[in-house]
Amino acid sequence: MKKYLWILLILVLVLTSCTTGRLNRLEKPNNQEKSGPNIDADEGGTGGDNIAKEDDLESDINYIDISEDEELTNSYLSTTKEKKDISFQKNSENVNRINPESFANNIDVAGTAHMYVTQIPNDIDVDIRYHNYDIPYDYLLITSDNATIYATPNLDANVLGKATQYSKIKLEGVANLNNMNSYQEWHLISWQENGDTVYGYVTNGNGIPRRFRFDRMTEEIKRLENTLAQYEYGYISNYKDRNGSPPLKNGKALDEFGIQAYQSAPAYYSLEDKNDFRYFPDGMLVFILDEANGHFKVRNLVYKGDYWIPKQFISFDNNLDRLDKAIVVDKANQNEALFENRNGRWTMISYTLATTGVPENNKYETPIGSFKVLQKRDRFYYLNHRTGEIGGYAPYGTRFSAGAYVHGIPVDYVKEDGKNIDPGMKEYLLTIGTTPRSAKCVRNYTSHAKFIYDWADLNDTAVIVID
């Protein structure tokens with residue numbers, strides 16, 4: 001079998017988690033009590049010197065303690081000498097694509113081979129405006145500690161080096177090879193070395209193939225665009241249960257689909273049976289079909305069927321007047337892309353890695369569906385789940401559902417003499433784009449979170465979360 005010259009590129013990434021108009025508030029039918037924190041005015045507030053109201057605070061946005069991510073990142077950077085600029089090779093016509101026929105011929109083995117050649121759909125224009133990281137459209141997320149890279153798909157081949165856990169390397173293809181009547185799957189990866197493309201092999205089990213699903217992303221944007229044109233629409237408005245606490249479902253504040261009652265709306269299958277319902281999360285776009293008895297009959301793009309929702313939970317204030325911009329988050333691949341409508345054609349302006357919420361008991365998972373941008377905060381504060389005190393802040397937050405934001409790397413305060421000291425914003429975490437680690441929020445590199453914060457508008461930007 002033909003040998004490939006190899007050397008490993010250990011990827012570096014720059015890192016870090018997770019108002020509508022106030023309507024008449026309902027009586028709380030389920031006695032849900034939510035203890036608020038003691039707010040110290042010295043902590044500082046969003047857009048001012050003081051925290052003026054509870055809205056400046058969210059619950060802990062870090063499902064996994066952010067210090068763990070920082071330790072992994074610091075350890076990684078100490079071995080790579082902080083060369084964060086050598087992350088991914090550029091996506092150019094000559095570099096990001098290889099000839100499928102040439103690839104198949106070069107794998108001269110008895111087995112099957114598959115090329116990874118993700119393309120941007122022909123009806124989507126590209127004008128990349130965020131350039132901090134060059135990420136391949138197809139890449140291998142290294143999941144094992146120090147994965148071995150071989151020169152050829154053979155365990156006896158020369159070892160080219162090791163790939164560090166959580167690094168991301170361009171993925172060219174996969175081959176299921178027959179060696180001594182035993183099949184083994186190999187990933188073909190590549191990187192840039194002194195201006196040349198270098199190839200190597202990693203055995204299955206050392207990494208997870210990831211890709212940017214631009215086709216699926218743009219399909220969802222167009223589906224939302226078409227549905228918005230057909231129906232009157234609004235969005236679920238129940239931030240911090242300000243419009244009333246939904247009833248419990250079978251005695252629980254969680255439905256069978258994993259959506260919490262808190263900051264949601266009850267959606268009844270029929271007005272004749274108020275015991276059978278599910279929850280629609282705050283911020284979700286809904287399409288109005290009918291109204292009766294103080295309820296709107298609605299549908300959305302992810303939950304099958306039609307539902308009846310009490311009118312006080314649906315807002316038309318600060319509505320999505322038009323769909324000109326879309327943030328699409330891919331939970332399965334832990335990445336995202338931004339699109340804007342230019343004269344009737346959708347244009348991709350950025351694509352990057354992201355980290356979403358942990359599906360632990362479904363309580364902290366980033367909800368799927370179509371949402372509107374509800375609020376933007378240059379920073380918002382979160383509570384430490386152990387102490388109940390203010391634990392830190394997240395920069396450049398763009399809120400789209402309940403306490404779920406697209407935001408930059410969380411900053412934990414440092415305690416000195418009983419006071420919270422701000423260590424400063426951070427740009428990068430190794431764990432961005434790896435596994436879900438936040439509590440509902442979508443973590444971005446801080447520079448990209450600011451890019452979104454400056455770009456997105458409340459009245460023309462949707463957030464679409466796919467799985």
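Residues numbered from 1 in each chain as written. Predicted model: local features only at pLDDT ≥ 70, side-chain atom pairs only at ≥ 80, totals over all residues. Heavy atoms only, no water.

Before going further, it helps to examine the overall build of the protein. Helices and strands together make up the secondary structure of the protein, namely four helices and 29 strands. With the model as given, the accessible surface of the protein reaches about 20,200 Å², and the carbon-plus-sulfur share is 43%. (Helix = DSSP H or I, 4+ residues; strand = E, 2+ residues; numbered from the N terminus. Areas by Shrake-Rupley, 256 points an atom, 1.4 Å probe, with all protein chains shown as cover.)

Here the focus is the pattern of salt bridges. What the rule picks out here adds up to 27 salt bridges. Of the charged contacts, one joins Asp125 and Arg345 as a salt bridge, the two residues approaching to 2.9 Å between their closest N and O atoms. Here the residue Asp125 occupies a position in strand S3 (residues 125-126), and Arg345 occupies one in strand S20 (residues 345-353), the gap between them amounting to 220 residues. A salt bridge links Glu389 to Lys415; the shortest N-O distance between them is 3.8 Å. On the criterion of sequence distance, the pair formed by Glu389 in the loop between strand S22 (375-383) and strand S23 (390-401) and Lys415 in strand S26 (residues 414-416) is long-range, its members being 26 residues apart. Judged by relative accessible area, which is 43%, Glu389 ranks as partly exposed. Given the relative accessible area of 48%, Lys415 is considered partly exposed. (Salt bridge = Lys/Arg side-chain N within 4 Å of Asp/Glu carboxyl O. Buried < 20%, exposed > 50% of the residue type's maximum accessible area, 1.4 Å probe, protein only.)

This part covers helix H3 (residues 214-230). Helix length check: H3, at 17 residues, gives a terminal C-alpha distance of 25 Å against a target of 24 Å (1.5 Å per residue), a fit within 8%. Buried residues of H3: Phe214, Met217, Thr218, Glu220, Ile221, Leu224, Thr227 and Leu228, and no others. (Expected span 1.5 Å × (residues − 1).)

Taken as a whole and assessed by the stated rule, the structure comprises 25 aromatic pairs. Each ring, one from Tyr139 and one from Phe212, has its centre 6.0 Å from the other, and the planes form 55°; the classification is tilted. In this pair, Tyr139 is assigned in strand S4 (residues 138-142) and Phe212 in the loop between strand S10 (207-211) and H3, connecting sequence segments 73 residues apart. Across this residue pair, the class does not change: Tyr139 and Phe212 are buried. With 5.6 Å between their ring centres and 65° between their planes, Tyr268 and Phe277 make a pair best called edge-to-face. Each member of the pair, Tyr268 as well as Phe277, carries the same accessibility label: buried. (Phe/Tyr/Trp six-rings, centres within 6.5 Å; stacked < 30°, edge-to-face > 60°.)

As a further point, take the confidence of the model for the protein. Reading predicted coordinates in detail is not appropriate for stretches of low pLDDT. For the protein, mean pLDDT is 82; residues scoring 70 or higher make up 80% of the total. Under a pLDDT of 50 for its full length, residues 82-100 has, in the predicted model, 53 contacts with residues more than four places off or in other chains. (pLDDT = per-residue confidence, 0-100. Contact = heavy atoms within 4.5 Å.)

Turning our eyes to something else, we now look at the nonpolar core. The biggest cluster of nonpolar side chains holds 81 residues, and the ones touching the most others in it are Phe214, Leu224, Phe280, Val298, Ile309 and Phe339. Contact partners of Phe214, with chain neighbours within four places excluded, come to Thr118, Gln119, Ile120, Pro121, Tyr137, Ala337, Met348 and Tyr351. Ala147, Ile149, Leu171 and Val198 belong to the second largest nonpolar core, which has 13 residues in total. (Core = buried A, V, L, I, M, F, W, Y, C linked by side-chain atoms within 4.5 Å.)

In terms of burial, strand S19 (residues 335-342) is largely enclosed, as six of its eight residues are buried. Bridge count for strand S18 (residues 325-330) against S19 is six bridges, and the pairing is antiparallel. When the bridges of S19 are listed, Val329 appears paired with Glu336. Count of turn residues in the S18/S19 antiparallel hairpin: four residues, of which Gln334 carries a positive phi of about 55°. Judged from the eight bridges that link them, S19 and S20 form a sheet pairing that is antiparallel. Considered in S20, the bridge of Glu340 is made with Thr347. (Pairing = 2+ DSSP bridges.)

To continue, consider the sheet that holds S3. With respect to topology, six strands assemble into an open sheet ordered S3-S20-S19-S18-S29-S21, the strand pairing being mixed. The outermost strands of the open sheet, each flanked by one partner alone, are S3 and strand S21 (369-372). Note: S3 against S20, two bridges, orientation parallel. Across the sheet, the residue bridging to Asp125 is Thr347, located in S20. Against the sheet, H3 makes contact with S18, S19, S20, S21 and strand S29 (461-466), and its axis sits at roughly 45° relative to S19, the strand it touches most. (Axes fitted to C-alpha atoms, helices over the stretch in contact; angles between N-to-C directions.)

Where strand S12 (residues 264-270) and strand S13 (residues 273-281) come together, six bridges link them in antiparallel fashion. The residue of S13 that forms the bridge with Pro266 is Tyr279. Between S12 and S13, which pair antiparallel in sequence order, lie two residues.

Mapped onto the elements of the fold, Tyr63 is located in the loop between strand S1 (57-58) and helix H1 (66-80). The exposure class assigned to Tyr63 is partly exposed, which follows from its relative accessible area of 33%. Considering only alpha carbons, one finds Tyr63 and Ala439, 376 residues apart in sequence, at a separation of 5.0 Å.

Looking now at the side chain of Ser190. Tracing the backbone through its elements, the reader meets Ser190 in strand S8 (residues 182-193). Residue Ser190 is classed as buried on the basis of its relative accessible area, which comes to 1%. Within the local environment of Ser190, its side chain forms a polar contact with the side chain of Glu172, the two groups lying 2.7 Å apart. (Polar contact = N/O pair within 3.5 Å; in protein donor to acceptor, adjacent residues only side chain to side chain.)

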